Amino acid sequence: MNSFNNFNNLSKALVKKIEGDLKGFKEVSKYKVEYGIPEGSVADGENISDYAKLVDFGSPALRIPSRPWLSSLKEKYFNEIKNDVDNALKEIKNNPQKEVKDALERNISFKLINYMRDNILNGGWIKNSQKTIKLKGSSTPLINEGNMLRSVNSFATKEVGND
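Presented here is an overview of the structure given in this document. Values in this document were obtained by computation on a predicted structure and should not be read as measured data.

Overview of the environment of K127
No. 1: Its location among the elements puts K127 in the loop between α5 (100–122) and α6 (130–136).
No. 2: Placed 62 residues apart in sequence, K127 and P65 show a C-alpha to C-alpha distance of 9.4 Å.

What about the packing of helix α4 (residues 78–94) against α5?
No. 1: Following both chains from N to C, one finds α4 and α5 inclined at 165°, their axes separated by 8 Å at the closest point. By the angle between their axes, α4 is roughly antiparallel relative to α5. For α4 against α5, the interelement crossing comes out right-handed. Across the interface between the two elements, E80, I81, D84, V85, N87, A88, E91 and I92 from α4 touch V100, A103, L104, R106, N107, I108, K111, L112 and Y115 from α5.

Here's the deal with the environment of G123
No. 1: Inspection of the secondary structure puts G123 in the loop between α5 and α6.
No. 2: Once the C-alpha coordinates of G123 and L142 are considered, the two residues, 19 residues apart in sequence, prove to be 9.8 Å apart.
No. 3: Leaving out residues up to four positions away in the same chain, G123 has contacts with K76 and D118.

Considerations on unusual backbone geometry
No. 1: The backbone of D44 sits at a positive phi, close to 50°, despite the residue not being glycine.
No. 2: With respect to the helices and strands, the residue D44 is situated in the loop between β3 (42–43) and β4 (46–47).
No. 3: At L142, a residue that is not glycine, the phi angle is positive and equals roughly 70°.
No. 4: Among the structural elements, L142 can be located in the loop between α6 and α7 (147–151).
No. 5: Here L142 falls in the buried class, since its relative accessible area comes to 4%.

Conventions and cut-offs
Residues numbered from 1 in each chain as written. Predicted model: local features only at pLDDT ≥ 70, side-chain atom pairs only at ≥ 80, totals over all residues. Heavy atoms only, no water. Helix = DSSP H or I, 4+ residues; strand = E, 2+ residues; numbered from the N terminus. Axes fitted to C-alpha atoms, helices over the stretch in contact; angles between N-to-C directions. Parallel < 35°, antiparallel > 145°, perpendicular 65-115°, else oblique. Left-handed = near helix turned anticlockwise from the far one by under 90°. Contact = heavy atoms within 4.5 Å. Buried < 20%, exposed > 50% of the residue type's maximum accessible area, 1.4 Å probe, protein only.

Note that all results are geometric; they support no functional claim without further evidence.
See the structure below:
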């Protein structure tokens, strides 16, 4: 899965804001929010995580166009993710007795799942070729049996050594 801590594709302004906000929340900085499709996810004998990477980046050799359903997520949902982070920090600040993991999952993880699904379904991807449509019986990019859509996940975990 991709790590929410790794903001390499986000603007520096958001990274600085989040890092600045997190400095005041020692307990929050012990967690990371992961999202994507877990490595080794298999459905109907198909390795969903490998397929998801393949279609995200594409393969000219296999004539598969890039449909960056995951790698474009942070850019496409920049404002929403920023608001989700702000809401999580506000909840933790206003209710210090609440579980940090729950606040992160409620305000960030669950929403990331929705953003991933929305991006898969409504990303405006390159249309399937006639050959692909004939093979899979559908003209909808990224949707075959719906396994990739059902496999997206996100959760907060405490980083090793941060107990």
